[in-house]
Amino acid sequence: GESVGLHLPTLSVQEGDNSIINCAYSNSASDYFIWYKQESGKGPQFIIDIRSNMDKRQGQRVTVLLNKTVKHLSLQIAATQPGDSAVYFCAENISGNTPLVFGKGTRLSVIA
Amino acid sequence: GAVVSQHPSRVICKSGTSVKIECRSLDFQATTMFWYRQFPKKSLMLMATSNEGSKATYEQGVEKDKFLINHASLTLSTLTVTSAHPEDSSFYICSASARGNTEAFFGQGTRLTVV
């Protein structure tokens, strides 16, 4: 069964605001986490990843936070744009070529 | 980033026929490929893990005789849906990773419709 889940299935934000998408995971052995963006009819697109030896990682307009104590992962998108509208999935695995386990997904809708 | 090409992007087939989906890693050697299935408004569910040169490992509940996976080279894996039925209609997605690299790169997905 799934070991990764999301708190919010949908999220609507105003253009220009910051977005925060949350994810809970249950496998304490997981040491690699990725956020993906999926647009309708397309495959998942890598956004940002983080390993368990870190608690924060920043990319361009995105930040991933990892709290291993409570097994929580979040994706922060700064200055959300209409092009950010999509479904966002967190995924986890254990080091090596093990398959990713995906969370349920959160649909982000950006209101212009 | 690395490129994974999946073909076809869309396919419509008649019930009872078989459909082959290809997944190619274009600029790296994919020692492992994963096949996922995604129903509308749902998450990706792993179907099987395919290592080059060996038999695929299927997840519980996935029929290996119905979903044939071949990973004959380091750049190509195929998924064949045999004797397709309308309930097999779904979005199928492959991903590939190189040896020792946990990052997986995804194909564009294949929308299968069985009529």
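### Points about the interface of chain B and chain A
A common way to express how large an interface is: the accessible area buried when the components associate.
Phase 1: On the chain A side, the residues contacting the 24 residues of chain B number 21 residues.
Phase 2: Both sides of the chain B and chain A interface together cover about 1,600 Å² of buried area, and 55% of this is carbon and sulfur.
Phase 3: On inspection of chain B and its partner chain A, the count reaches 0 salt bridges.
Phase 4: The interface formed by chain B and chain A contains 5 residue pairs in polar contact (both at pLDDT 80 or more).
Phase 5: Those elements giving two or more residues to the side of chain B that touches chain A turn out to be strand E4 (32-38), strand E5 (44-51) and strand E9 (90-97) of chain B.
Phase 6: Looking at the side of chain B that touches chain A, its residues break down into 10 nonpolar, 11 polar and 3 charged.

### Concerning the environment of Asp17(A)
Residue and element names in this part refer to chain A.
Phase 1: When you line up the elements, Asp17 lands in the loop between strand E2 (10-14) and strand E3 (19-25).
Phase 2: What makes Asp17 partly exposed here is its relative accessible area of 39%.
Phase 3: Once the C-alpha coordinates of Asp17 and Gly83 are considered, the two residues, 66 residues apart in sequence, prove to be 13 Å apart.
Phase 4: Those residues within four positions of Asp17 in sequence are excluded, and the remaining contacts are Ile77, Ala78, Ala79 and Thr80.

Parameters at a glance
Residues numbered from 1 in each chain as written. Chains lettered and ligands numbered in written order. Predicted model: local features only at pLDDT ≥ 70, side-chain atom pairs only at ≥ 80, totals over all residues. Heavy atoms only, no water. Contact = heavy atoms within 4.5 Å. Buried area = accessible area lost by both parts, 1.4 Å probe. Salt bridge = Lys/Arg side-chain N within 4 Å of Asp/Glu carboxyl O. Polar contact = N/O pair within 3.5 Å; in protein donor to acceptor, adjacent residues only side chain to side chain. Helix = DSSP H or I, 4+ residues; strand = E, 2+ residues; numbered from the N terminus. Nonpolar A, V, L, I, M, F, W, Y, C, P; charged D, E, K, R; others polar. Buried < 20%, exposed > 50% of the residue type's maximum accessible area, 1.4 Å probe, protein only.

These values are about where atoms sit, not about what they do.
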